[in-house]
Amino acid sequence: MKVSLFKLYYTFAYIGLVTFGGGLAMLPIFNRVLIEKNNWCTEEDLARYYAIGQCTPGIIAVNTSTFIGYKERGVIGGIVATLGMVTPSYIIITLIATVLTNFEDNIYVINAMAGIRIGVCVLMTNAILKLAKNAIVDIYTTVVFLIALFLLFILGISPVVIVLFGILAGLFYTLVKAKKEVRDAQ
């Protein structure tokens with residue numbers, strides 16, 4: 001049974017409304033709402049959508065909502081899910097922009113935002129650990145992970161290049177595994 005366009009819009013509007021901190025901060029709620037509650041994708045699917053969203057122009061959360069909407073209802077589903085994701089931000093940012101200049105130097109506002117950033121870091125760490133549990137499953141994926149960390153944090157390579165490295169590493173692994181299976185079959 002197809003998901004209704006209203007449910008797509010409402011679900012992504014809800015996610016957009018209740019999460020703060022951008023795409024990676026939305027990962028825990030994406031897990032809960034998209035995987036556990038609605039069963040619209042798996043953790044592996046979500047990891048793929050995030051990886052693709054990282055490499056494509058735009059905001060990761062919006063790209064991911066577009067992918068899910070497209071998967072569920074085609075082009076119109078992608079558009080509806082995207083609109084659902086951006087509507088709360090558009091409304092909230094418009095409202096905040098109209099009054100923020102009056103409070104930008106307020107110590108309570110400054111400290112509240114600092115606290116929100118800490119909370120978002122905790123949520124992101126939790127989401128990253130869940131993704132890593134499903135992605136780092138053997139010695140090969142462990143080595144690729146460690147190389148990617150080295151490239152990112154020590155050499156300062158762009159995340160886009162690192163995702164491309166991951167793609168190539170996955171393709172290489174698939175080719176080596178296929179060759180080994182052919183050799184073993186002979």
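Please refer to the structure placed before this passage.
Described in the following lines is the structure provided in the data block. Nothing here was measured: the structure is a model prediction, and the numbers come from that model. Here the residue numbering is sequential within each chain, running from 1 through the sequence in written order. Side-chain atom pairs in this predicted model are given and counted only at pLDDT of 80 or more, local residue features only at pLDDT of at least 70, and totals for whole chains, interfaces and linings cover all residues. Hydrogens and waters are ignored; side-chain quantities use all the structure's heavy atoms.

## With respect to the nonpolar core
So the rule is basically this: Think of a nonpolar core as a cluster: buried Ala, Val, Leu, Ile, Met, Phe, Trp, Tyr and Cys residues, connected wherever their side-chain atoms sit within 4.5 Å. A 1.4 Å probe rolled over the protein chains alone gives each residue an accessible area, and that area as a share of the maximum for its type sets the label: buried under 20%, exposed over 50%, partly exposed in between. Only DSSP runs of H or I reaching four residues or more are called helices, and only runs of E reaching two or more are called strands; each is numbered from the N terminus. Only heavy atoms matter for contacts: two residues are in contact if any of them lie within 4.5 Å across the pair.
Counting 24 residues, the largest nonpolar core has Phe12, Ile15, Met26, Phe30, Leu34 and Met85 as its most contacted members. For this core, the secondary-structure elements that each account for two or more residues are helix 1 (5-18), helix 2 (27-37), helix 3 (43-55) and helix 4 (60-99). No other element matches the seven residues that helix 4 contributes to this core. Apart from residues no more than four positions distant in its own chain, Phe12 is found in contact with Phe30, Leu34, Trp40, Ser65, Ile68, Ala81, Gly84 and Met85.

## Some remarks on unusual backbone geometry
Of note in this structure, Asn39 is not a glycine but carries a positive phi near 55 degrees. Looking at the element boundaries, Asn39 is found in the loop between helix 2 and helix 3.

## A closer look at the packing of aromatic side chains
In this description, an aromatic ring pair is defined by two values, namely the gap between the centres and the angle between the planes. The condition is simple: Two aromatic rings from Phe, Tyr or Trp, using only the six-membered ring of Trp, form a pair when their centres are within 6.5 Å; if the ring planes differ by under 30 degrees the pair is stacked, by over 60 it is edge-to-face, and anything between is tilted.
Tallied over the full model, the rule gives six aromatic pairs. With a centroid separation of 4.5 Å and an interplanar angle of 25 degrees, the aromatic rings of Tyr140 and Tyr173 are classed as stacked. Residue Tyr140 is located in helix 6 (residues 139-154), and its partner Tyr173 is located in helix 7 (residues 159-185); the two are separated by 33 residues in the primary sequence. The exposure class assigned to Tyr140 is partly exposed, which follows from its relative accessible area of 23%.

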